[in-house]
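In case you want the letters, here they are:
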Amino acid sequence: MLEILRTPEFECDRDELVDPGLHAILDMLIERIATGEHVIKKSLGKVKGLGDLRGCWAVKFDLLGYPNRYRLVIRYLPHDFAPTEVLFIAVGPRFDGQVYKWADARLN
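**Q** Break down the overall build of the protein for me, citing the residues and quoting the values.
**A** Each helix and strand counted, the protein has three helices and seven strands in total. The linear arrangement of helices and strands in the protein, starting from the amino end, is β-α-α-β-β-β-β-β-β-α. Relative to its length of 108 residues, the protein is compact, with a C-alpha radius of gyration of 13 Å against a globular reference of 13 Å. Here the C-alpha coordinates of the protein stretch approximately 35 × 35 × 25 Å along the principal axes.

Below, the structure written as structure tokens:
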């Protein structure tokens, strides 16, 4: 199991998810990622206007019946190939790239 690290702001992000169902999904994703279970994720890069998130990954999630409105941004440490830790950077709405801007500000 990977050691779980969180940015100081991550818990505030989590608290802003208003639906308890989103909290349950997020907790399940954190556990699955830390134990190495397969989770569909997308490699992030450098995007003008959103920031430089090279080395980070995004996981889509939402309540059943909704179109994946939320993202979880993570980074494996020390690198993707043989990680010992996973850093949970930001979680929040995908709309207007908000969660990616938060993640960039926290890392850069």
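**Q** Give me the layout of surface pockets: which residues, what numbers.
**A** What the largest pocket holds in volume is close to 200 Å³. Taken together, 13 residues make up the lining of the largest pocket; nearest its centre are Leu-29, Val-39, Ile-40, Val-59 and Lys-60. When contributions to the lining of the largest pocket are tallied by element, the ones reaching two or more residues are α2 (20-35) and β5 (56-61).

**Q** If you had to explain the pattern of salt bridges to someone new, which residues and values would you point to?
**A** In the structure shown here, the tally under the stated rule is eight salt bridges. Asp-27 is the partner of Arg-14 in a salt bridge, and the nearest nitrogen-oxygen pair spans 2.8 Å. Linking Arg-14 in helix α1 (residues 10-15) with Asp-27 in helix α2, this pair joins segments that are 13 residues apart in sequence. On the basis of relative accessible area, Arg-14 is assigned to the buried category, the value being 15%. When its relative accessible area of 37% is taken as the criterion, Asp-27 is described as partly exposed.

**Q** Mind laying out the sheet that holds strand β2 (residues 42-43), listing which residues take part and the relevant values?
**A** The strand order across the open sheet formed by five strands is β1-β7-β6-β5-β2, and the pairing between neighbours is mixed. Since the sheet does not close on itself, it has two edges, and those belong to β1 (3-6) and β2, each with one partner. Where β5 meets strand β6 (residues 70-77), six bridges bridge the pair, whose relative direction is antiparallel. Residue Phe-61 lies in a different strand from β6, and its bridge partner there is Tyr-70. Where α2 meets the sheet, it contacts β1, β5, β6 and β7 (85-93), and its direction lies at approximately 20° from that of β6. Strands β5, β6 and β7 of the sheet are contacted by helix α3 (residues 98-107), whose axis makes an angle of about 140° with β7.

**Q** Describe α2, with residues and values.
**A** The first and last C-alpha atoms of α2 sit 23 Å apart over 16 residues, in line with the 22 Å expected at 1.5 Å per residue. Within α2 the residues assigned to the buried category are Leu-22, His-23, Leu-26, Leu-29, Ile-30, Ile-33 and Ala-34. The arc that holds every buried residue of α2, seen down its axis, measures 125°, which confines them to one face. Residues of α2 that are exposed and point over 90 degrees away from its buried face: Pro-20 and Glu-31. Along its buried surface, α2 packs onto β1, α1, β5, β6 and β7. Its side-chain oxygen 2.6 Å from the backbone nitrogen of Gly-21, Asp-19 forms the N-cap of α2. One or two steps after α2, the chain reaches Gly-36, where phi turns positive at roughly 85°.

Here is what the cut-offs are and how they apply
- Residues numbered from 1 in each chain as written.
- Predicted model: local features only at pLDDT ≥ 70, side-chain atom pairs only at ≥ 80, totals over all residues.
- Heavy atoms only, no water.
- Helix = DSSP H or I, 4+ residues; strand = E, 2+ residues; numbered from the N terminus.
- Rg over C-alpha atoms; globule rule 2.2 N^0.38 Å.
- 1 Å grid on protein atoms, 1.4 Å probe; cavity = no way out; pocket = protein on both sides within 12 Å on 5 of 7 lines; lining within 4 Å.
- Points joined across faces, edges and corners; volume = space filled by probe spheres on them.
- Salt bridge = Lys/Arg side-chain N within 4 Å of Asp/Glu carboxyl O.
- Buried < 20%, exposed > 50% of the residue type's maximum accessible area, 1.4 Å probe, protein only.
- Pairing = 2+ DSSP bridges.
- Contact = heavy atoms within 4.5 Å.
- Axes fitted to C-alpha atoms, helices over the stretch in contact; angles between N-to-C directions.
- Expected span 1.5 Å × (residues − 1).
- Arc of directions from axis to C-beta.
- Polar contact = N/O pair within 3.5 Å; in protein donor to acceptor, adjacent residues only side chain to side chain.

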